[in-house]
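In case you want the letters, here they are:
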Amino acid sequence: MSEQKHIDSIPLPPKDAEVLTTCCDYCIVACGYKIYRWPVGQKGGIKAKQNAFGRDLPIELDKGGWVSPNMHNIVQHNGKPHHVIVAPDAETEVVNKGGNHSIRGGAIAQKCYSENTPTKDRLKYPQLRVNGKLQRISWDDATTIFSEVSKHVIANYGEHSWAQKMFSYQYFENTYALTKLALRSIGTPAFAWHDNPTVAPSTPGLRDVGIDNFSASYEDWYLADTLVISGTDPFETKTVIWNEWIMKAITEHQQKVIFINPRKTTGVAFAEEHGGLHLWLNPGTDTILQNAIARVILENGWEDSEWIKKYTNNKWETDSGFGQGTRNTDWQWRTTWGNFQTKGFDDFKKWILSQKESDLKFASEICGVDAEDIEWAAELMAKPRSDGSRPKTSLGLEKGNYWSNNYTNTSSFASLGLLCGAGNRPGQMISRLGGHQRGGIKGGNYPVGKSPEKFGGRRRKPLDLDRWVQAGKVRFAYVVGTTWTAGTCGSGELAEVFRNQITRNPNQLTSTDVTDAIETLKKRVDSGGMVLVDQDIYLRKNIGTELADIVLPAATWGECDFTRANGERRIRLYSKFYDAPGEAQPDWWIASQIAQKMGFSGFDWKESNDVFEEAARFTRGSRKNYQPLVKMAKRQGLKGHELLRSYGTTGIQGPIRLENGKLVGTKRLHDSTLELPETGPEKETVWQKWITKFNSQTGKANFMKSPWSMFGDFYDHVKPREDELWVLNGRINEIWQSCFDDVERRPYITNRFPENFIEINPEDAKRLGIESGDYVSVESNRVPVQKSGFYGRDTSDLLFANLLKGGHIKFVSAKVKAVAMVMEVPKPGTTFMYFLNTDNPANSLTPRVPDPISDNYRFKLGVGKVVRLGESPYKNSFKQMTFKSRAIV
């Protein structure tokens, strides 16, 4: 058990303490924080005139501005020890108004490297694996080995053999530099983001309807009369959106929240208690449920006819756009061949009413949701009031929805929203709620023309990198900020593929000599093996601890000036306020050193602001467009970072516009209520059509079909058989990502979750003889993995049944250990585990067969048997873990 020191006081910042601004590094909300920094040996007092807060202390908890011990740390700044307090900005009027924060953000000061805390194991120096053990080397040696082996691989095996797997969410400066190297300079199609096997859009159904997946502002969740939340509980995963925007809407103007989720957690319980509704559906059946709600609306004539006529495409407008252009992009392909597009509302209505899956009785049986609840959901969303007014309905979705049946879940969700008149006005929006913050800027276009993969109908699509590795096509893999072998679907089996190609290859390093290392690694790739470089802030299982040949130490939040956007596209500066450990460097710097040694030009940046300003032109035309800010800064003789710093924790929402000589943010996208100046866009301002209209050829939204047949064969095969249960996975409130900051380095969280857990409904637990606190084995011998089948003659060739028939699917075994938590949170027949515990990753049990339409994984559809092993040490002890239900009100 981890020991935690009990601290009941912290030093106060003196009046002259430096004050900087930043945002929380964790979830999509990106709450605003202030940093107070002052040298060790100085301190302030409790009177307002004695401290940097400018307030008399103590402060009552409900007044805002209260500082806890978790908000304090001691760090190095310019080589000298300094106190820092990282506290929510009590004065902010956006995002976390008044200084609200989550359990994660409230402890973010503990993330800072300090040699006297559990962060002391941060990666500090480049390392090379010699005789199976990592040994320190210099940056010059590390980048020389990297560049020389990379050049050998590209020259002899092509850029397809050089792969990059990286975070999509990190800061603008880092993602731009890394993708400039991989996509523009090297031009490899063997590239994938951290959370899928390729570069697939998260919510392609929204895209085809014409909706940007981060179109809403946080205010829209508050303004709605009815809010539909699918695939997530914001209290658990984006707490301040719930506490500050949704919960207040429930209590202040009686907002009704409809949750679509197989788990009953805290937010769900609160919504139900206040007149909301929980559609406790069977996993993976969202499309059927959403189409059934749509059918009830249509059969009762509750659709917003006036709005639909004005803002959605009719037959002729539809035909004017679908199938236009090269049809060599994913959205053009999807909207061309007849499976998904409609000829307007009337055609969509006819299709919905003709589907047996949308029939109320049939849908109720498949989804496991009472017919009365489906009808009630339709009423809350769309039924006009007695005075003829309509409820304002917004719809937000997340991974539980789109990571089970990606394409048709998202297209049916968006089309359901259109029936309610949602998508382009305050309090009536359709959008993702978000997971990570939005830090991605591509420094080059993905070279889809080089990809060997094709959709049905001969349309190229981005390469499935996991399958490419499995086929033995990757000779060099550059992994940045992701636990690839634990975080992907069928992760246990993929880790074995990596071992076979790396650690079991006979060509292993025996010295740190640079020449010897280069020649040995060249021999490995020439023998069909693979070289792997891992770049991260900690040594992660098993990508870093076991597999990587070279480990590179990255600097992170607080250690460099960085920028990125949150879930309402709010762009802010994340200030540097302390020294990175050892020789750790930001990712953009590492990419620049590698690129220059490989002979690429344009990477000679001196500071992060250089990258920020260069990347600005690549944001033009995107929701993150900050080019006007950079141009304004130059006119004022400032650096782009410095002008953004002046916006503090408020920042500015993208896309940024210039109006009357001033920078203006964009509250929401597709906003039909926004009036742009009649004089047209000013200077460098770009007015994309979708700022005030939908993202389609006409500026109107498309109703899309969502046929169950595109998913039903897969669902029928993977759903539980006999004594199997669904094994879902996801985030919880207390833990972020792969546990690197919390479970592994915050003693009170370590004691709360010392091992991975599995929630089991009491009905299932009784049948299996399992009690809370028991160790269980969660196992399966039929985890499907797509091993081949890179293209099909037509769409049906890529459906699961035909992949299976064609010999492209194999089945592997997986087993993970967990501590049972018996509670009425998961639906009977369903269990839930934390998704990215690297010791026992739930992803081992998830199918590695992507959606044939979008190439996204189905992370949320694991299946397995739960077998009791015996009692854990936590079962009868109150020192660690708790087995109380998460459905707390």
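Everything numeric in this text was worked out from a predicted model, so none of it was measured. (Residues numbered from 1 in each chain as written. Predicted model: local features only at pLDDT ≥ 70, side-chain atom pairs only at ≥ 80, totals over all residues. Heavy atoms only, no water.)

Draft legend 1. The arrangement of the side chain of serine 147 in detail. Structurally, the position occupied by serine 147 is in helix H1 (residues 139–157). Serine 147 gets classed as buried once you look at its relative accessible area, which sits at 1%. Serine 147 has contacts with Ile594, Lys597 and Met598, leaving out every residue within four places of it along the chain. (Helix = DSSP H or I, 4+ residues; strand = E, 2+ residues; numbered from the N terminus. Buried < 20%, exposed > 50% of the residue type's maximum accessible area, 1.4 Å probe, protein only. Contact = heavy atoms within 4.5 Å.)

Draft legend 2. How the structure looks around the domain arrangement of the protein. Split into domains, the protein comes out as domain 1 (18–111), domain 2 (127–188 + 451–562), domain 3 (204–432) and domain 4 (712–871). When each unit is reduced to the centre of its C-alpha atoms, the spacing between domain 2 and domain 4 is 27 Å. In this complex, domain 2 contributes 28 residues to the contact, which on the side of domain 4 involves 36 residues. At the boundary of domain 2 with domain 4, total buried surface from both sides reaches about 2500 Å², with 50% on carbon and sulfur atoms. (Domains from an automatic or database assignment. Buried area = accessible area lost by both parts, 1.4 Å probe.)

Draft legend 3. Quick peek at helix H20 (residues 514–526). Spanning 13 residues, H20 covers 18 Å between terminal C-alpha atoms, matching the ideal 18 Å at 1.5 Å per step. Every buried residue of H20 is listed here: Val514, Ala517, Ile518, Thr520, Leu521, Lys522, Arg524 and Val525. Buried residues belonging to H20 abut strand E5 (127–130), H1, helix H19 (491–501) and strand E15 (531–536). At the N-terminal end of H20, a side-chain oxygen is found 3.2 Å from the backbone nitrogen of threonine 515, two or three residues along, and the residue is aspartate 513. (Expected span 1.5 Å × (residues − 1). Polar contact = N/O pair within 3.5 Å; in protein donor to acceptor, adjacent residues only side chain to side chain.)

Draft legend 4. Inspection of the sheet that holds strand E3 (residues 72–77) at higher detail. Here we have 4 strands laid out as an open sheet, ordered E1-E2-E4-E3, and antiparallel in their pairing. The open sheet has two edge strands with one neighbour each: strand E1 (18–23) and E3. Between one strand and the next, the sheet's axes are offset by a mean angle of 35°, whatever the strand orientation. Strand direction decides the pairing type here: E1 and strand E2 (residues 32–39), joined by 6 bridges, are antiparallel. Looking at E2, one finds that threonine 22 is bridged to tyrosine 33. (Pairing = 2+ DSSP bridges. Axes fitted to C-alpha atoms, helices over the stretch in contact; angles between N-to-C directions.)

Draft legend 5. Representation of the layout of surface pockets within the structure. Reported here for the largest pocket is a volume of approximately 1700 Å³. Trp193, Val199, Pro201, Lys442 and Arg623 are, among the 50 residues lining the largest pocket, the residues nearest its centre. Secondary-structure elements contributing two or more residues to the lining of the largest pocket are helix H11 (330–334) and helix H15 (399–402). With 3 residues, the single largest contributor to the lining of the largest pocket is H11. In this structure, the lining of the largest pocket is formed jointly by two domains, domain 2 (127–188 + 451–562) and domain 3 (204–432), each of which donates at least three residues. (1 Å grid on protein atoms, 1.4 Å probe; cavity = no way out; pocket = protein on both sides within 12 Å on 5 of 7 lines; lining within 4 Å. Points joined across faces, edges and corners; volume = space filled by probe spheres on them.)

Draft legend 6. Layout of the pattern of salt bridges. Following the criterion strictly, the structure yields 61 salt bridges and no others. Of the charged contacts, one joins lysine 264 and glutamate 272 as a salt bridge, the two residues approaching to 3.0 Å between their closest N and O atoms. Salt bridges linked by common partners bring Glu219, Asp220, Lys667, Arg668 and Asp671 together as one network. (Salt bridge = Lys/Arg side-chain N within 4 Å of Asp/Glu carboxyl O.)

Draft legend 7. Just the pairing of strand E24 (residues 774–786), in detail. Across the 13 residues that make up E24, a large majority, 11, are buried. Bridging between E24 and strand E25 (residues 809–822) involves 10 bridges; their strand directions are antiparallel. Looking at the pairing, valine 776 lines up with alanine 818 of E25.

Draft legend 8. Up close: the packing of helix H8 (residues 286–299) against helix H13 (residues 360–367). The geometry of H8 relative to H13 is characterised by a closest axis approach of 9 Å and an angle of 155° between their N-to-C directions. Taken together, the axes of H8 and H13 lie roughly antiparallel to each other. By crossing handedness, the relation of H8 to H13 is classed as left-handed. Along its contact with H8, which presents Ile288, Leu289, Ala292 and Val296, the element H13 presents Leu360, Ala363, Ile366 and Cys367. (Parallel < 35°, antiparallel > 145°, perpendicular 65-115°, else oblique. Left-handed = near helix turned anticlockwise from the far one by under 90°.)

Draft legend 9. Molecular detail of the nonpolar core. Formed by 139 residues in total, the largest nonpolar core has its most connected members in Tyr478 and Tyr626. Here this core takes 8 residues from helix H2 (residues 172–186), the largest share from any one element. Membership of the second largest hydrophobic core comes to 90 residues, among which are Ala377, Ala486, Ile735 and Tyr857. (Core = buried A, V, L, I, M, F, W, Y, C linked by side-chain atoms within 4.5 Å.)

Draft legend 10. Representation of unusual backbone geometry within the structure. Here the amide bond leading from leucine 57 into proline 58 is cis, since omega sits at 5°, within 30 degrees of zero. Turning to its location among the elements, proline 58 is positioned in the loop between E2 and E3. The step from glycine 654 to proline 655 runs through a cis peptide bond, and the omega angle for that step is -5°. Locating proline 655 in the fold gives a position in the loop between strand E19 (652–653) and strand E20 (657–659). Phi at aspartate 855 is positive, roughly 70°, even though this residue is not glycine. Locating aspartate 855 in the fold gives a position in the loop between strand E26 (830–834) and strand E27 (862–871). Classification of aspartate 855 by relative accessible area gives buried; the value is 3%.

Draft legend 11. The pairing of E25, seen in detail. In this structure, strand E23 (residues 757–760) lies alongside E25, joined through 4 bridges in parallel fashion. If you follow glutamate 759 over to E25, its bridge partner there is methionine 821.

Draft legend 12. The arrangement of empty space enclosed by the protein in detail. One pass over the full model with this rule turns up 11 cavities of 30 Å³ or more. Taken as a whole, the second largest cavity encloses approximately 90 Å³ of empty space. Forming the boundary of the second largest cavity are 17 residues, of which Gln786, Leu798, Leu803, Pro850 and Pro852 lie nearest the centre. Looking at the lining of the second largest cavity residue by residue, the classes come out as 9 nonpolar, 2 polar and 6 charged. Lining the lining of the second largest cavity are residues from two domains, each supplying at least three of them: domain 2 (127–188 + 451–562) and domain 4 (712–871). (Nonpolar A, V, L, I, M, F, W, Y, C, P; charged D, E, K, R; others polar.)

Draft legend 13. Expanded view of the sheet that holds E15. Taken together, 7 strands build an open sheet; the order of strands is E6-E5-E16-E15-E14-E7-E8 and the sheet is mixed. The open sheet terminates on both sides in strands that have one partner only, identified here as strand E6 (133–136) and strand E8 (191–193). Between one strand and the next, the sheet's axes are offset by a mean angle of 20°, whatever the strand orientation. Bridging between strand E7 (residues 162–166) and E8 involves 3 bridges; their strand directions are parallel. What sits directly across from lysine 165, in E8, is alanine 192.

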